[in-house]
Amino acid sequence: MKDPHALPTWAPRVRPDEIRRLYHLDAQGIYNDDLIADVGYGLLARCESFIRANEAVAGRARCPACGAIVNHHTGKEEVLQCACGWSLPWADYFATFQHKQLSGAGPVITLFQDFVERFPRAQTAQQRMILIDTLLHGFHWYFKTGEPTRPVAVNLIDLRLGDVMAFLDELTYGEQSTPGARERKAEWDTRIVHARSWGRQAPREPVEPA
Ligand SMILES: [Zn+2]
C-alpha cells in the first residue's frame, strides 16, 4: 500500500459558470451533450461524496485505500482500522470533510441517491436535464415542521448560501426551456420564502438531525 494512513478525498462543488451556461442554452432549446455530461457527472460525484460523508458520520467510513466500509463508533479518540492495513484516527478522517457543505439529513440523502442512480441511466438529453434541474432545486427540510430550510444547491454549487440563492434566482428561462423547468423554478420561489425566514431565525447553520 502506497500510504497506510491515506486521507479520504471528496469531490468539489460544481462551478457556477458551467451551470449558468447550461441554463442559458436550455432556454434556447439547445442541448449540449458534453456540457450536460460535465455538469451532470460533476454533480453525481459531489452527491456520492455527500452520501459517503454522511455514512461516515453514521459509523460507516469508507477506507480510502481499498474502498471497504470500516464500522466505527465515531468516538473522539477512536482509530479507524481496515483489514487491508490502512488506519487513521477518526478525528483526522472527520476533519477532511468538516465545514465543506457535506452534511444533511435523510430527505437530502434520498434526493442525492436518486440522482446518482438515475442520471447514468437517463436515455435522452432532455431526461438528463430534468434530473439536473430537479436536483438543483431541491431543499433541506426541517424535520419538526416539514418546512424548507435552505436549498441543497449550497452543497452542490461552489457559492456561499446567500450567493447561491441569488444565482438560482437569476438562471435563464425561456419558451424553449426543458419541460417542467419553469414550474420547478416557481415552486422553488415559494419555498425560498420559507427558507429566507428560517435564515433570519438562525443566521448561521440551521440545526438538523445528524
Ligand atoms: Zn482498506
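Placed above this text is the structure.
The paragraphs below set out a description of the structure included in this document. (Residues numbered from 1 in each chain as written. Predicted model: local features only at pLDDT ≥ 70, side-chain atom pairs only at ≥ 80, totals over all residues.)

1. Details of the pairing of strand β6 (residues 147-151)
On a regular strand, each side chain points to the face opposite its neighbour's, so the side chains alternate between the two faces of the sheet. Counting buried residues in β6 gives four out of five residues, a clear majority hidden from the surface. In this sheet, β6 lies alongside strand β5 (residues 139-142) in antiparallel orientation, the contact comprising four bridges. Note on β6: the bridge partner recorded for phenylalanine 139 is proline 151. Hairpin connection of β5 to β6: four residues between the antiparallel strands, including glycine 146 at a positive phi of 70°. (Buried ≥ 20, exposed ≤ 12 C-beta atoms within 10 Å, placed from the backbone. Helix = DSSP H or I, 4+ residues; strand = E, 2+ residues; numbered from the N terminus. Pairing = 2+ DSSP bridges.)

2. Section: the environment of alanine 195
Checked against the element boundaries, alanine 195 lands in helix α8 (residues 181-201). Accessibility expressed as a C-beta count within 10 Å gives 20 for alanine 195, which makes it buried. Along the primary structure alanine 195 and threonine 178 are separated by 17 residues, whereas in three dimensions their C-alpha atoms are 26 Å apart. Sequence-distant contacts of alanine 195, defined by excluding residues within four places in its chain, comprise Phe139, Pro148, Thr149, Arg150 and Pro151. (Contact = placed C-beta atoms within 7 Å.)

3. Observations regarding the packing of helix α2 (residues 33-57) against helix α4 (residues 106-118)
Where α2 meets α4, the closest approach of the two axes is 9 Å, and the angle between their N-to-C directions is 135°. Between α2 and α4, the interaxial angle falls into the category oblique. Judged by the twist between their axes, the crossing of α2 over α4 is left-handed. Residues Leu43, Leu44, Cys47, Glu48, Phe50, Ile51 and Asn54 of α2 form the contact with α4, whose participating residues are Ile109, Phe112, Gln113, Phe115 and Val116. (Axes fitted to C-alpha atoms, helices over the stretch in contact; angles between N-to-C directions. Parallel < 35°, antiparallel > 145°, perpendicular 65-115°, else oblique. Left-handed = near helix turned anticlockwise from the far one by under 90°.)

4. Observations concerning the nonpolar core
One finds Val39, Leu43, Phe115, Ile132, Ala153 and Leu156 to be the most contacted residues of the largest nonpolar core, which totals 45 residues. Here the element with the most residues in this core is α2; it accounts for eight residues. Contact partners of leucine 43, with chain neighbours within four places excluded, come to Val14, Phe115, Ile132, Leu135 and Leu156. (Core = buried A, V, L, I, M, F, W, Y, C linked by C-beta atoms within 7 Å.)

5. Some points on the packing of α2 against helix α5 (residues 125-136)
Between α2 and α5, whose axes approach to 10 Å, the crossing angle comes to 40°. Taken together, α2 and α5 sit at an angle that is classed as oblique. As α2 runs across α5, the sense of the crossing is left-handed. Contact residues: α2 offers Asp33, Ile36, Val39, Gly40 and Leu43, while α5 offers Ala125, Arg128, Met129, Ile132 and Leu135.

6. Observations concerning helix α7 (residues 161-169)
Along α7, the residues classified as buried are Val164, Met165 and Leu168. All buried residues of α7 project into a common sector of 100° when viewed along the axis, lining one side. Among the exposed residues of α7, those oriented more than 90 degrees off its buried face are Gly162, Ala166 and Asp169. (Arc of directions from axis to C-beta.)

7. Some details on the environment of aspartate 189
If you trace the backbone, aspartate 189 turns up in helix α8. For aspartate 189, a count of 12 C-beta atoms within 10 Å corresponds to the exposed category. When the C-alpha positions of aspartate 189 and methionine 165 are compared, they lie 9.9 Å apart, and in sequence the two are 24 residues distant.

8. Let's talk about the environment of glutamine 126
Structurally, glutamine 126 can be placed in helix α5. Between the C-alpha atom of glutamine 126 and that of histidine 140, which follows or precedes it by 14 residues, the distance is 26 Å. Other than its neighbours up to four places away in sequence, glutamine 126 contacts Tyr31 and Thr178.

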